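A structural walkthrough
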Amino acid sequence: MILPIGPIHPALKEPVRLKLKTQGERVISAEIDYGYVHRGIERVMQGKTWQKGIFLAERVCGICSYVHTQTFAETFEKIAGEKVPLRAQYLRSLTNELDRIQSHFIANSTYFKALEHETLFMYMLHLREPVMDAIELLTGNRVNMGWNVVGGVRMDAEEKHLNSIYQIITNLENEYDKYVEMFDEGPLVSLRSRDVGKMSKKDAIKGRAVGPIGRASGLKHDVREDHHTYQDEFDWKVIWRKEGDNYARTMNRFDEIRESIKIIKQIVENIPPGDVRTKIDIPAGYTDWRNEAPRGEVSYFVETNGNLIKNISIRTPSIMNIDVCGKYMLQDVATVADAVATYASVDPCVACTERVVILNEKGEKKEFDGLHNVKYLK
Amino acid sequence: MSSLIWYLYEFARKSWAESFAVARTNPEIVETPDRFRDFPEVFPEHCISCGACTAACPAPNAIRLVRSEDTAEEEGKAYPVINHRGCIRCGFCAEVCPTVPKTITCGENHLIREEFTILPTDRMFVIDDYLCIRCKKCLKACPVPGAIYEEDNKIIIDQSLCIGCEECLNNCPVKGAVKGIFISHIQEQKEIINLVVNTLEESIERKRDDITHLSDEEVYKFDLSITELVERARSILANDELILDTFQKITDRLKLRIVTWDEDKCKKCRLCVDECPSGAITYDEKENVIKRDTKKCLRCSTCYQTCPFGVAGYFVSRFLLDPTSLEDGVIHITVKASQLPIGAD
């Protein structure tokens, strides 16, 4: 029997249809239908100036909106062959890590909601709130910050702002260990999480899983390793696990939050003085750039004539992660409720996945299998 | 029924009526952080109605310029109005606003330094009076009132009001009458222009033997591939749009004048030496030779008109870029003899 869930359903965050093939209560396999929130944002950006494009890039994704502006700006800085001042790089990393913390908290809270463990769900949101306050304190807005520009960041951070961010982060670090313990050692959550929705390392490579989902299955890869600021300035390590089940994915996020706190402390202690913005002349060119979003790798391909955006292609991590969820994780799951929890553990973001629908020659919808299908990049 | 009676009893109590009368919402406890970027604030008294904010806004219909009604005493004031449903609070309008003090402020954005308050366009639009046919289509298409106006039967663009929307360029029926001049990379543009002119001159110089024997009615045509020219232009400035634009402007407007010099016909009368305005033609007494310095020559045709023996030949060449793309484009060159009178005076 095929059990459809969605596109509008209380278990799902956003409109997407899960088709579960079931035998009794047991889920045999699953299929995922995309295409309910297609917005054509790449097409909207074409022909606009890059000064306007950065505000549209921010609206690709709802939760991890920040990293899109950073990647957009860094793509154009790569075309110009320039780097922003060191203080601006530090401030960008600071906002990026704060954004990663809040995104991981909301991802885990959704997972606990899917497990029906509402206490931890509320606790996670309670922990997320001061981080959002820190973002608001620094940039002026909570989600769509308008904080990055090509050439640096909008405003300088003052000493008092950095100090209160340090205070918030220290409080968070002292507090959140006991909540992680509740999850780590609780018998109920552990029964619902361990050995559920397993994905092997081989499958993760085959399905091109990225971010915490790939790292929970043993792929030791983080795009921040290749980023010049993280490479040169900060002391941190890549978090990864071997199990590949729901427990590993959730714990991977918890450990990454700890690593982010470590980076933020280094930033506040060592931030250099200087400019936060430079004027950059953009020549005509074509290039790509990758960054680590909270959910994984986000890459931008941009062609510009120096003033206008001629072509832009955005690849967000969720498209691969939702895909591997349907293909490999939902093979042989004990109950339908576990299948929903597995889907939630992937931290799916349909909004940033569905910017584009790929069709075959006959005009039918086609499965996404690599960027070579995208017409503009041929 | 009993619950209804209970409700009536509750409402009839004096304490309920008292509490109902003084009921009030709790005071607002949410504090606005000091960096909070609210909707932009508009100060209409500073506005110069340049339209920079409307041109810069990434959200459709979020901001527009309106004008209050004109009265008998004075003209109405123009000022931006922000639609709170469309505004995404990015603060870009406040950033590009050129007025001091700012017409629009948005959070702390008005603290941004002066050099970033620029319009995101790098072209200046001017009207070539020589080519303009006064159809006034640009004047009708222009969205800014007063930016294009007519004075003494001439169409003029007011640069202080122009917002760089390209409407005049798109609506002009005459090629080249409205020019979008790139205001950035001026030095590089000069180098590209010199490069193209020199290359064209060299290519004509190589065909010298054919050109010298042209009769008055004959027209000599040949093509020049621009592939190598584009490569060299790109090494100066990697901006294809600007290179194509410069090439087109040069080939549309450039008329190259060529002077050929046939020494065999010369009778050493030295009439041309005195007439030459730039001193390019000199007489060498030792070798008894008339010399012409091509670098000093202005191509003014005075020598051609003066010489009674037809030593100097005067030709005019025209150019056409075809097709209008940088890849596999060619320039058609046409050379023909001049129709100027010979042997004046």
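Residues numbered from 1 in each chain as written. Chains lettered and ligands numbered in written order. Predicted model: local features only at pLDDT ≥ 70, side-chain atom pairs only at ≥ 80, totals over all residues. Heavy atoms only, no water.

Moving on: the overall build of chain B. The secondary structure content of chain B amounts to 12 helices and 14 strands. Considering chain B as a whole, with its 345 residues, one finds that 34% of them fall into the buried category. Element-wise, carbon and sulfur atoms account for 51% of the exposed surface of chain B, whose accessible area totals about 21400 Å². (Helix = DSSP H or I, 4+ residues; strand = E, 2+ residues; numbered from the N terminus. Buried < 20%, exposed > 50% of the residue type's maximum accessible area, 1.4 Å probe, protein only. Areas by Shrake-Rupley, 256 points an atom, 1.4 Å probe, with all protein chains shown as cover.)

Here we take up the overall build of chain A. In terms of regular secondary structure, chain A is built from 14 helices and 8 strands. Per-residue burial over chain A gives 61% buried out of 378 residues. Counting only contacts in chain A whose residues sit at least 6 apart along the sequence, the fraction spanning at least 24 positions is 70%. Carbon and sulfur atoms provide 51% of the accessible area of chain A, an area that totals close to 15000 Å². (Contact = heavy atoms within 4.5 Å.)

What follows concerns the packing of aromatic side chains. All names here are of chain A. This model, assessed by the stated rule, comprises 21 aromatic pairs over all chains. The interplanar angle of 70° and the centroid separation of 5.9 Å between the aromatic rings of Tyr230 and Trp236 together place this pair among those described as edge-to-face. Classification of Tyr230 by relative accessible area gives buried; the value is 2%. The positively charged end of Arg194 is found above the aromatic ring belonging to Tyr247, 3.9 Å away from the centroid. (Phe/Tyr/Trp six-rings, centres within 6.5 Å; stacked < 30°, edge-to-face > 60°. Lys NZ or Arg CZ within 6 Å of the ring centre and 35° of its normal.)

A common way to report how large an interface is uses the accessible area buried once the components associate. Every contact between the two is made by 29 residues of chain B and, on the other side, 30 residues of chain A. Contact between chain B and chain A buries roughly 2400 Å² in total, counting both sides, with carbon and sulfur atoms accounting for 47%. On inspection of chain B and its partner chain A, the count reaches 2 salt bridges. The residue Glu95 of chain B makes a salt bridge to Arg154 of chain A at a minimum N-O spacing of 2.9 Å. Taken together, the connections running from chain B to chain A amount to 10 residue pairs in polar contact (both at pLDDT 80 or more). (Buried area = accessible area lost by both parts, 1.4 Å probe. Salt bridge = Lys/Arg side-chain N within 4 Å of Asp/Glu carboxyl O. Polar contact = N/O pair within 3.5 Å; in protein donor to acceptor, adjacent residues only side chain to side chain.)

Bringing helix H13 (residues 336-345) of chain A into the picture now. Residues and elements named next belong to chain A. The buried fraction of H13 amounts to 9 of the 10 residues, a majority that puts the element mostly inside the structure. Considered for burial, the residues of H13 that qualify are Val336, Asp338, Ala339, Val340, Ala341, Thr342, Tyr343, Ala344 and Ser345. Looking one or two residues past H13, Asp347 carries a phi angle of roughly 60°, positive in sign.

A few words now on the confidence of the model for chain A. The pLDDT averaged across chain A works out to 87; a share of 94% of its residues lies at or above 70. Predicted confidence is poor over residues 373-378 of chain A, with pLDDT under 50, and the contacts of this stretch with residues over four places away or in other chains come to 9 contacts. (pLDDT = per-residue confidence, 0-100.)

Residues and elements named next belong to chain A. In the structure shown here, the tally under the stated rule is 39 salt bridges over all chains. Of the charged contacts, one joins Glu259 and Lys262 as a salt bridge, the two residues approaching to 3.1 Å between their closest N and O atoms. With Glu259 and Lys262 both in helix H11 (residues 246-270), this residue pair falls 3 residues apart, about one helical turn. A relative accessible area of 33% means that Lys262 is categorised as partly exposed. Asp347 is the salt-bridge partner of Arg295, the closest N and O atoms lying 3.2 Å from each other. A residue pair is termed long-range when its members are at least 10 positions apart, and Arg295 in the loop between strand S6 (285-293) and strand S7 (296-304) and Asp347 in the loop between H13 and helix H14 (350-353) qualify at 52 residues. Residues participating in the shared-partner salt-bridge network are Glu97, Arg100, Arg215, Asp222, Arg224, Glu256 and Glu292.

It is worth spelling out helix H5 (residues 118-139) of chain A at this point. Residues and elements named next belong to chain A. Across its 22 residues, H5 extends 31 Å between first and last C-alpha, which sits within 8% of the 32 Å expected from 1.5 Å per residue. Elements that come into contact with the buried residues of H5 comprise helix H4 (86-114), helix H6 (159-185) and H11. Phi turns positive, to about 100°, at Gly140, one or two residues after H5. (Expected span 1.5 Å × (residues − 1).)

Let us look at the side chain of Glu58 of chain A. Mapped onto the fold, Glu58 of chain A is located in the loop between helix H2 (50-57) and helix H3 (65-80). What Glu58 of chain A contacts, discounting residues up to four positions off in sequence, is Ser65, Thr69, Asn144, Met145 and Gly146 of chain A.

Before going further, it helps to spend a moment on the packing of H4 of chain A against H6 of chain A. All names here are of chain A. Orientation of H4 relative to H6, taken along the N-to-C sense of each, is 25°, at an axis distance of 13 Å. By the angle between their directions, the pair H4 and H6 is classed as roughly parallel. Of the two elements, H4 crosses H6, and the hand of that crossing is left-handed. Taken together, the residues of H6 that come into contact with H4 (itself represented by Leu94, Leu98, Ile101, Phe105, Tyr111 and Phe112) are Leu162, Ile165, Ile169, Leu172, Tyr176 and Phe183. Considered class by class, the residues forming the contact of H4 with H6 number 12 nonpolar, no polar and no charged. (Axes fitted to C-alpha atoms, helices over the stretch in contact; angles between N-to-C directions. Parallel < 35°, antiparallel > 145°, perpendicular 65-115°, else oblique. Left-handed = near helix turned anticlockwise from the far one by under 90°. Nonpolar A, V, L, I, M, F, W, Y, C, P; charged D, E, K, R; others polar.)

Turning next to the sheet that holds strand S10 (residues 255-261) of chain B. Residues and elements named next belong to chain B. Read from one edge of the open sheet, 4 strands run S9-S14-S13-S10, paired in antiparallel fashion. One side of each edge strand has no neighbouring strand; the edge strands of this open sheet are strand S9 (219-225) and S10. Adjacent strand axes in the sheet meet at a mean angle of 25° when their direction is disregarded. Note: strand S13 (residues 312-322) against strand S14 (residues 330-337), 8 bridges, orientation antiparallel. Bridge assignment links Leu321 to a residue of S14, and that residue is Ile331. Sheet contacts for helix H7 (residues 186-206): S9, S10, S13 and S14; angle to S10, the most-contacted strand, approximately 40°. (Pairing = 2+ DSSP bridges.)

Attention now goes to the packing of H4 of chain A against H11 of chain A. If you want to describe how two helices pack, look at the angle between their axes and the distance between the axes. Residues and elements named next belong to chain A. Here H4 crosses H11 at 155°, and the two axes come no closer than 9 Å. Overall, the two elements H4 and H11 adopt an arrangement that is roughly antiparallel. As H4 packs across H11, the resulting crossing turns out to be left-handed. Partitioned by chemical class, the residues of the contact of H4 with H11 number 14 nonpolar, 7 polar and 4 charged.

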